[in-house]
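Given next are the chains, with one letter for each unit.
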Amino acid sequence: MVAASWSVNPSGPLRGDVFVRGSKNAVTKHMVAALLGEGPSVIRGVPEVGDVAITADILRSLGVGVEHDEAAGAITVEPHEAVTADVPLSFSGLNRIPILLLGPLLHRTGKAFVPLVGGDQIGRRPVDFHIEALSALGATIEERPDGLLATAGRLRGAKIELPYPSVGATETVLLSAALAEGRTVLRNAATEPEVIELALFLQRMGARIELSPGRKFTIDGVSSLRGAETSLAGDRNEAVSYLVAGLVTGGEVRVHGCAQDRLVTAITTLHRMGARFHITDDYIQASAPDGLCPAAVQTDTHPGFMTDWQTPLVVLMTQADGMSVLHETVYEDRLVYVPALQEMGAEIELFSTCLGGESCRFHDTNAVHSAIVKGVSKLRGADVTVPDVRAGFSSVIAAAIADGPSVLRDIHHLERGYHRPLEQFANLGLSIAVTS
């Protein structure tokens, strides 16, 4: 159920266990990859999030069989012979999955139409990287006011170098080159864990994919792929978010289901801020019994500090004793959640200059992409409208340490990207309820 808003009453330190499933960014891409197979594919560890439901509806609209067993956390995707080529316009702007369907649909039908992409309003995520990559592989792309029309015979391998290691564009190349004729060499590719996870799934389906040092993928196209099964690794963003929720409230959260190697940079950063960790093969636990220290953090592509981690981190910085600096280098408008925190009393100043690290690609632009955070800030309850999924989580943990109740509106953004967040927070001891 999608809630209109939540009422949050501060209730002390958050403590307990959180069990994370795979990320929405991983499962939705695996669902698209399954479209390439001859036979059903099964994906396990699937979270109950809005983006999964949207992607399932998109695939069903194309004639693909999708069965979602929410209790088991599994999805079965089975392409049929009569897959259609046009994604309905009703899916315009809901998420960014349609652009990734172009390659798989071209392989199946020789043409494809996808509506305009959507997702969180966190900055320019242009489709030109996707268009240029597909064009290099032999597709003809026509940009229309309502979407993209693509046509092609069999795609053919090509040498492609991305201007920036874009996750989405890398995934487009992997999905499109797996069945292309000949060899594709992709340079300056993204190597985030979710990208590698997708490449490994395609390999299980029969794709010939090699990752080399220096962000290079080599894909030798094959004539067909088969269905495959996989279990998704735990969502690294969700894991860090709940670890921070415990730290920011002076509590202690134990996260299960996400391996240590997916969180190395985050663990190191939090450790520098005063966190103590207990790490086993089964869980990661964080606490800060001696308080929090300020930090200077710069986001980056993997293996750098993940851009999604910075939203809860900024709330944590408001509770650190001193001045912290955050420099966002991945998306120029990722800091859209800050005004809500300022409304709650957070002392945060935003800048268009590069602070806390080397100059980034937003240097000498008007993009507001750096923040100075003063702690310790005393936060107050407020009536907040949530602009996107990450802002939703930061608003909840800010409300958890405020001096009074808060109302969080448009909370459906949070439910689009986190597995059962209301239930998870309640289990950690937060006084939280759905309101109309």
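Structure first, text after, so check above.
Residues numbered from 1 in each chain as written. Predicted model: local features only at pLDDT ≥ 70, side-chain atom pairs only at ≥ 80, totals over all residues. Heavy atoms only, no water.

(A) Summary view of the packing of helix α1 (residues 24-34) against helix α2 (residues 50-61). Contact geometry of α1 with α2 gives a least axis separation of 9 Å together with a crossing angle of 10°. Regarding the angle of α1 to α2, the classification is roughly parallel. Note on element contacts: α2 touches α1 through Asp51, Val52, Thr55, Ala56 and Leu59, opposite Lys24, Val27, Thr28 and Met31. Within the contact of α1 with α2, the residues separate by chemical class into five nonpolar, two polar and two charged. (Axes fitted to C-alpha atoms, helices over the stretch in contact; angles between N-to-C directions. Helix = DSSP H or I, 4+ residues; strand = E, 2+ residues; numbered from the N terminus. Parallel < 35°, antiparallel > 145°, perpendicular 65-115°, else oblique. Contact = heavy atoms within 4.5 Å. Nonpolar A, V, L, I, M, F, W, Y, C, P; charged D, E, K, R; others polar.)

(B) Highlighting helix α7 (residues 193-204). Between its first and last C-alpha atoms α7 spans 16 Å; for twelve residues at 1.5 Å apiece the expected length is 16 Å, and the two agree. Where α7 terminates, the next one or two residues include Gly206, which has phi positive at roughly 115°. (Expected span 1.5 Å × (residues − 1).)

(C) Structural context of the sheet that holds strand β18 (residues 283-287). Strand order across the open sheet formed by four strands is β2-β16-β18-β17, with mixed pairing between neighbours. Single-partner strands in this sheet number two, and they are β2 (15-19) and β17 (276-279). Here the strands of the sheet are splayed against their neighbours by 15° on average, with no regard to which way each runs. (Pairing = 2+ DSSP bridges.)

(D) Quick peek at the packing of aromatic side chains. Counted according to the given criterion, the structure contains six aromatic pairs. Summarising the aromatic geometry, the rings of Phe305 and Trp309 are spaced 5.3 Å apart at their centres and angled 75° between planes, so their arrangement reads as edge-to-face. Just as Phe305 is buried, Trp309 falls in that class too. An angle of 25° between the planes, with centres 4.9 Å apart, marks the rings of Phe393 and Tyr418 as stacked. Residue Phe393 is found in helix α12 (residues 389-399), and its partner Tyr418 is found in the loop between α13 (412-417) and α14 (421-427); the two are separated by 25 residues along the sequence. Site record: aromatic cluster; members linked through ring pairs are Tyr242, Phe393, Tyr418 and Phe425. Geometry around Tyr283 places Arg254 over its ring, the cationic atom sitting 5.3 Å from the centre. The ring of Tyr164 carries the charged tip of Arg361 above its face, separated from the ring centre by 3.7 Å. (Phe/Tyr/Trp six-rings, centres within 6.5 Å; stacked < 30°, edge-to-face > 60°. Buried < 20%, exposed > 50% of the residue type's maximum accessible area, 1.4 Å probe, protein only. Lys NZ or Arg CZ within 6 Å of the ring centre and 35° of its normal.)

By themselves these figures say nothing about function.
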